[in-house]
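The residues making up each chain are set out below.
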Amino acid sequence: MSALRDALRDLPDAVFADFLESEEAYLLVVDLPGVSSETLDIVVTDGRVRLEARREKDVPPEFRYEREDRSMFLDAELPLPPDATAEGATAAVDRGVLELRLPKRRAEETHIEISDDE
């Protein structure tokens, strides 16, 4: 999971992320202030999760930006552990905090019949 840790460290300074693990799933928690479900897109493919987020800001018409320190876009691609699966994954955004739950792929057990060499 060092590739994932490195990728999380490479996120912009304004983005805070935690990656948690249980017996059944992984949980990615990302602070995305100003982002809603309408301005966020999540795609899982080939062992990677891609987050595209757009921050919405309401600026009163009588004001204009003199300086803006917070990026309005996030485009990040993170590697996932090999046993993470998108099947049954869930995502929710609450007050700018994304929680993406990715179940772990269960190893299928196959019983192999053994025959006698007679």
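The structure displayed is predicted, hence computed values, not measured ones.

Caption draft 1: Spatial organisation of the overall build of the chain. Helix and strand counts for the chain come out as one helix and seven strands. The linear arrangement of helices and strands in the chain, starting from the amino end, is α-β-β-β-β-β-β-β. The globule rule puts the C-alpha radius of gyration for 118 residues at 13 Å, and the 20 Å found for the chain is more than 25% above it. Principal-axis analysis of the C-alpha atoms places the extent of the chain at approximately 90 × 25 × 20 Å. In the chain, which comprises 118 residues, the share counted as buried stands at 29%.

Caption draft 2: Up close: the confidence of the model for the chain. With 95% of its residues at a pLDDT of 70 or more, the chain has an overall mean of 87. Model confidence for the chain, summarised as mean pLDDT per element, is weakest for helix H1 (residues 2-9) at 79 and strongest for strand S7 (residues 97-103) at 96.

Caption draft 3: Expanded view of unusual backbone geometry. A positive phi angle, near 50 degrees, is found at Asp46, a position not held by glycine. Among the secondary structure elements, Asp46 is positioned in the loop between strand S3 (40-45) and strand S4 (48-54). Owing to a relative accessible area of 74%, Asp46 belongs among the exposed residues under this scheme.

Caption draft 4: Inspection of the packing of aromatic side chains at higher detail. Per the counting criterion, the structure on display carries one aromatic pair. On the numbers, 5.4 Å between centres and 15 degrees between planes, the contact of Phe19 with Tyr26 is stacked. Phe19 sits in the partly exposed class, given a relative accessible area of 21%. For Tyr26, a relative accessible area of 4% corresponds to the buried category.

Caption draft 5: Examining the pairing of strand S6 (residues 90-94) more closely. As paired strands, S6 and S7 are joined by five bridges and run antiparallel to one another. For Val93, the partnering residue across the bridge sits in S7 and is Leu98. Remark: two residues form the turn of the hairpin made by S6 and S7, two consecutive strands paired antiparallel; Arg95 in that turn has positive phi of roughly 50 degrees.

Caption draft 6: Quick peek at the environment of Arg64. Tracing the sequence through the fold places Arg64 in the loop between S4 and strand S5 (73-79). Sequence-wise, Arg64 and Leu40 are 24 residues apart; in three dimensions their C-alpha atoms are separated by 25 Å. Engagement of the side chain of Arg64 in a polar contact is seen with the side chain of Glu66, the distance being 3.1 Å.

Each value, and the rule that gives it
- Residues numbered from 1 in each chain as written.
- Predicted model: local features only at pLDDT ≥ 70, side-chain atom pairs only at ≥ 80, totals over all residues.
- Heavy atoms only, no water.
- Helix = DSSP H or I, 4+ residues; strand = E, 2+ residues; numbered from the N terminus.
- Rg over C-alpha atoms; globule rule 2.2 N^0.38 Å.
- Buried < 20%, exposed > 50% of the residue type's maximum accessible area, 1.4 Å probe, protein only.
- pLDDT = per-residue confidence, 0-100.
- Phe/Tyr/Trp six-rings, centres within 6.5 Å; stacked < 30°, edge-to-face > 60°.
- Pairing = 2+ DSSP bridges.
- Polar contact = N/O pair within 3.5 Å; in protein donor to acceptor, adjacent residues only side chain to side chain.

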